[in-house]
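Take a look at the letters that make up each chain.
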Amino acid sequence: MSLASALKTGDLTELPSRRDEDWRWTDLRGLIRTLPPLSPKFEGDIGVGPFAADETLTLVNGQGAIDLTLAAGETRVISMRLISATAATAHAGRVRITVGEGARLTLLESHEGLGEGYLSEIALDIHLASDAVVERIVLASDAPEAVSVVDAEVALSAGARFAQTLLTSGARRQRIETRVAHPGAHADLRLDGIYLLDGQRHADLTTQVTHAGVDGTTSQLTKGMVADQARGVFQGRIIVQPGADQTDARMGHHALILSDKAEVDAKPELLIFADDVSCAHGNTIGALDEQAIFYARQRGIPEMEARAMLTEAFVGEVVERIEHEPAREVARAWVAQRLGRSNI
Amino acid sequence: MLNIQNLHARVEDKAILKGVTLDVPAGEVHAIMGPNGAGKSTLSYVLTGRGGYEVTEGAASLNGEDLLALEPNERAAKGLFLSFQYPLEIPGVPALTFIRTALNAQRRARGEDEIAAPAFLKLAKEKAASLKIDFEMLKRGLNVGFSGGEKKRMEIFQMAMLSPKFLILDETDSGLDIDALKIVSEGVNALRSPERGMLVITHYQRLLDYIKPDRVHVLAAGRIVASGGPELALQLEAEGYDKYASAAA
Ligand SMILES: Nc1ncnc2c1ncn2[C@@H]1O[C@H](COP(=O)(O)OP(=O)(O)OP(=O)(O)O)[C@@H](O)[C@H]1O
Ligand SMILES: [Mg+2]
C-alpha cells in the first residue's frame with residue numbers, strides 16, 4: 001500500500017490513510033479524490049539544481065531509473081536531481097544505490113518541484129557494504145500544492161557510516177521516510193532534519209531504525225518551525241532487537257510553533273528488547289522566547305527580523321552537523337532564504 | 001532631551017508608575033535611586049516599549065519625539081538604549097552577529113548605509129580592548145553561560161558599539177567586581193558628551209563616585225518624591241529611604 005502502488009493500479013484504496021497507524025498524521029486517501037494522469041516525458045528546460053558537483057544524475061517526472069554503484073574504495077560527490085516538471089500529473093520513480101566496501105559517497109539530493117500540484121513518489125534503496133561512508137543531504141523544494149513521498153530503505157553493513165540531513169519546506173502533503181537496517185558491528189548512523197513550514201504546508205519526517213546486532217550507534221536530531229497554518233510531523237522509531245547489546249542511540253526532536261493555527265505532531269518511540277543499551281530521546285515543542293525578542297528589538301532589530309534570527313539560530317545546530325562544507329553552505333543559505341533573511 | 005510628563009503605567013491591572021515627571025537635558029547625567037519594587041525598572045521598560053505595560057496617562061518624549069507612539073526598535077534607532085538589569089541570553093547567535101545585525105538595522109532605519117564588515121570588526125576589536133573583553137567571547141552565543149558581571153560588561157560593549165544618544169543604565173553596577181566597575185564606568189564616561197543624556201538607576205553611591213551625576217532623584221512607590229544634587233545620594237546612603245515612605249504613601 002503506497003502512492004506508487006495506487007498509481008500503478010489506479011486503485012485509490014491503495015493510498016495510505018489515517019487509519020494506518022504510521023500515516024495517521026499524513027492522510028493521502030482523504031486528500032486525493034481522483035488520480036491525475038501519469039506524468040509525460042519532459043523535454044523542457046530544467047535549469048540548474050541547488051547543489052554543485054562534478055557529476056549530476058537527473059530523473060525527471062520519474063521517467064527511467066537511477067542505478068548507481070560505487071566500486072570498493074571509490075570516492076564520489078554526486079548531485080542527484082529528482083524533478084517534478086509537469087503540473088497536475090503523477091509519477092513514481094526508483095533509485096538504487098550500492099556503495100562498495102570502504103567507498104565514500106556524498107549524495108546531494110534535490111527534490112525540485114518545477115510544476116504545480118503534482119503527485120510524486122520516489123523510492124530509494126541504498127546499500128552500504130562494510131566500512132562504506134555515505135553522507136546524504138536531501139533538499140526538498142516541492143511546490144506548495146504538491147503531494148510528495150520520498151521513501152528510502154537503507155541497509156548498513158559492519159563498520160559502515162551513514163549520515164543524513166533532510167531540509168524541507170513541505171508541500172500540500174509531504175512524507176519523507178527513512179528506514180535503516182542497522183547491524184550494530186560498529187556501524188554508525190546519523191539521521192537529522194530541518195523543516196521550515198509556512199502557509200498551509202505539511203511535512204512528515206518519519207524514521208525507523210532497527211538495531212539488529214551489538215555495538216551500534218545512532219544519533220538523530222530534527223528541528224523544525226511551523227508558522228501560519230502549517231503542520232509538521234515527526235515520527236522517530238528506534239527498535240533495539242534482542243541481542244543488540246551495547247547499542248547507543250539518541251533521538252532529539254525540537255520544534256517551534258509560531259502561530260496559533262500551526263501544529264506539530266511528534267511521536268518518538270524507543271522499542272528496546274536488549275540489555276545494557278544506552279538510549280535516550282528528547283522532544284520539545286514551544287514558542288520563541290518573547291523576552292529575548294524584546295531584548296533584540298531594544299537593540300534596534302525589527303520584530304520580524306528578530307524572530308527570523310532566533311529561529312535561524314535554533315535550527316543552526318542541525319546545519320552545523322552537516323559534514324560536506326559546500327552542502328553546509330547551501331543549507332545555511334536555504335534556511336536564511338526560507339526565513340526571509342537572505343539580505344543578511 | 002528626555003521629557004517625562006505625569007507618566008502612569010500598570011502591569012496586569014496593578015498600577016506601578018503613578019505620575020512620574022522628569023526632565024533630563026542633553027549633556028546631563030541623572031541618577032535614580034529608590035527602594036526595591038519602587039518602579040525603577042518599570043520606568044525603563046515603559047520608556048523602551050516592552051510589552052505587558054499599559055500607559056494609562058502621561059507622555060514621554062526624546063528630543064521632542066513621542067516615544068510612546070514608536071515600536072521598541074524604532075525607539076532604539078532614535079538613539080534610546082537600555083542596559084538591562086537582567087540581560088537576556090540569545091542562544092546560537094554570536095554576540096558579534098547580534099550587534100552587527102542591530103547596528104545595521106538601526107542604520108537602515110535612519111537611512112544610513114550599512115557598516116562594512118572590516119570596519120565593524122575593527123570597531124569591535126577597539127571597543128572590546130577598551131572594556132577588557134576577550135574577543136573570543138564575542139564569538140559565543142550572546143550572554144549564554146556568561147557570568148552576571150560578564151553580562152553587564154557585554155551590555156556596555158553593545159552600548160559602545162551602537163553609540164546611542166540616550167542611555168538608561170538599570171543597575172549596571174550590580175554583579176560587577178571592583179575592577180570591572182571601574183572599567184565599565186570608564187566606558188560609560190567615554191560616552192558623556194554635550195549631545196547625550198543618561199539616566200543611571202542604582203542602589204549604591206559607589207557607582208556615582210565614578211559616573212558623577214548632575215541630579216539625583218528618589219523614586220518611591222511610583223513617583224519621584226525627592227530631587228537634588230549629588231549630595232542627595234550621600235544622604236540616602238546614610239539615612240535610607242524611611243523618610244520618603246510617608247511621602248510616597
Ligand atoms: N509582570 C508583573 N506582574 C505583576 N507585578 C509586576 C510585574 N512586573 C513588575 N511588577 C511589580 O512592579 C513593581 C515594580 O517593579 P520594578 O521591577 O519596576 O522595581 P524596581 O524599582 O526596579 O526594583 P529593584 O530595585 O528591586 O530592581 C514591583 O512591585 C513588582 O513586583
Ligand atoms: Mg529594578
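Residues numbered from 1 in each chain as written. Chains lettered and ligands numbered in written order. Predicted model: local features only at pLDDT ≥ 70, side-chain atom pairs only at ≥ 80, totals over all residues. Heavy atoms only, no water.

Participant: Any chance you could explain the overall build of chain A here in plain terms?
Facilitator: In terms of helices and strands, chain A carries four helices and 17 strands. Once the C-alpha set of chain A is aligned to its principal axes, its extents read approximately 55 × 50 × 45 Å. For chain A, buried positions account for 55% of its 344 residues. The contacts in chain A between residues at least 6 apart in sequence include a share of 82% that link residues at least 24 apart. (Helix = DSSP H or I, 4+ residues; strand = E, 2+ residues; numbered from the N terminus. Buried < 20%, exposed > 50% of the residue type's maximum accessible area, 1.4 Å probe, protein only. Contact = heavy atoms within 4.5 Å.)

Participant: Hey, could you run me through the coordination of the magnesium ion (ligand 2) in this one?
Facilitator: In ideal tetrahedral geometry, four donors around a metal make angles of 109.5 degrees, whereas ideal octahedral geometry with six donors gives angles of 90 or 180 degrees. Protein coordination at the magnesium ion (ligand 2) comes from B:Ser41 (OG) and B:Gln85 (OE1), with a distance range of 2.0 to 2.2 Å. Of this pair, B:Ser41 sits in helix α1 (residues 40-48) while B:Gln85 sits in the loop between β6 (80-83) and β7 (90-94), and the two are 44 residues apart along the sequence. (Donors = N, O, S within 2.8 Å, 3.2 Å for Na, K, Ca; no water.)

Participant: Just checking my understanding: could you explain the packing of aromatic side chains for this structure?
Facilitator: A ring pair, where both rings are aromatic, is described by two values, the distance of the centres and the angle of the planes. As enumerated under the stated definition, the model contains six aromatic pairs over all chains in all. Ring centres of A:Phe294 and B:Tyr45 lie 6.5 Å apart, and the angle between their planes is 80°; on these two criteria the pair is classed as edge-to-face. Of this pair, A:Phe294 sits in helix α2 (residues 290-298) while B:Tyr45 sits in helix α1, which puts the two residues in different chains. Assigned by exposure class, A:Phe294 and B:Tyr45 land together as buried. Between A:Tyr295 and B:Phe84, the aromatic rings sit 4.9 Å apart at their centres with planes inclined by 75°, giving edge-to-face as the arrangement. Here A:Tyr295, found in helix α2, pairs with B:Phe84, found in the loop between β6 and β7, and the two come from separate chains. Each member of the pair, A:Tyr295 as well as B:Phe84, carries the same accessibility label: buried. Through successive ring pairs, a cluster of aromatic residues spans A:Phe294, A:Tyr295, B:Tyr45, B:Tyr53, B:Phe84 and B:Phe98. We note B:Arg50 situated over the ring of B:Tyr45; from NZ or CZ to the ring centre the distance is 4.1 Å. (Phe/Tyr/Trp six-rings, centres within 6.5 Å; stacked < 30°, edge-to-face > 60°. Lys NZ or Arg CZ within 6 Å of the ring centre and 35° of its normal.)

Participant: Help me understand the pairing of strand β9 (residues 161-168) of chain A, please; the structure alone is not making it clear to me.
Facilitator: Across a regular strand the side chains alternate sides, sitting on one face of the sheet and then on the other. Residues and elements named next belong to chain A. Counting buried positions along β9 gives seven out of eight residues, so the element sits mostly inside the fold. As judged from the eight bridges shared by strand β7 (residues 133-141) and β9, these two strands associate in the parallel manner. Bridge assignment links valine 138 to a residue of β9, and that residue is leucine 166. Where β9 and strand β11 (residues 188-197) come together, eight bridges link them in parallel fashion. Across the sheet, threonine 168 pairs through a bridge with tyrosine 195, a residue of β11. (Pairing = 2+ DSSP bridges.)

Participant: Even after reading the chapter, I still don't get the environment of A:Gly115, so can you show me in this structure?
Facilitator: Residues and elements named next belong to chain A. Its place among the elements puts glycine 115 in the loop between β5 (104-113) and β6 (119-128). Under the relative-accessibility criterion, glycine 115 is labelled buried at 6%. A C-alpha to C-alpha distance of 36 Å links glycine 115 and glutamate 269, two positions 154 residues apart in sequence. With residues near it in sequence (within four places) discarded, glycine 115 still touches Ser84, Ala85, Thr86, Ala87 and Ala143.

On their own, these measurements won't tell you what the molecule is for.
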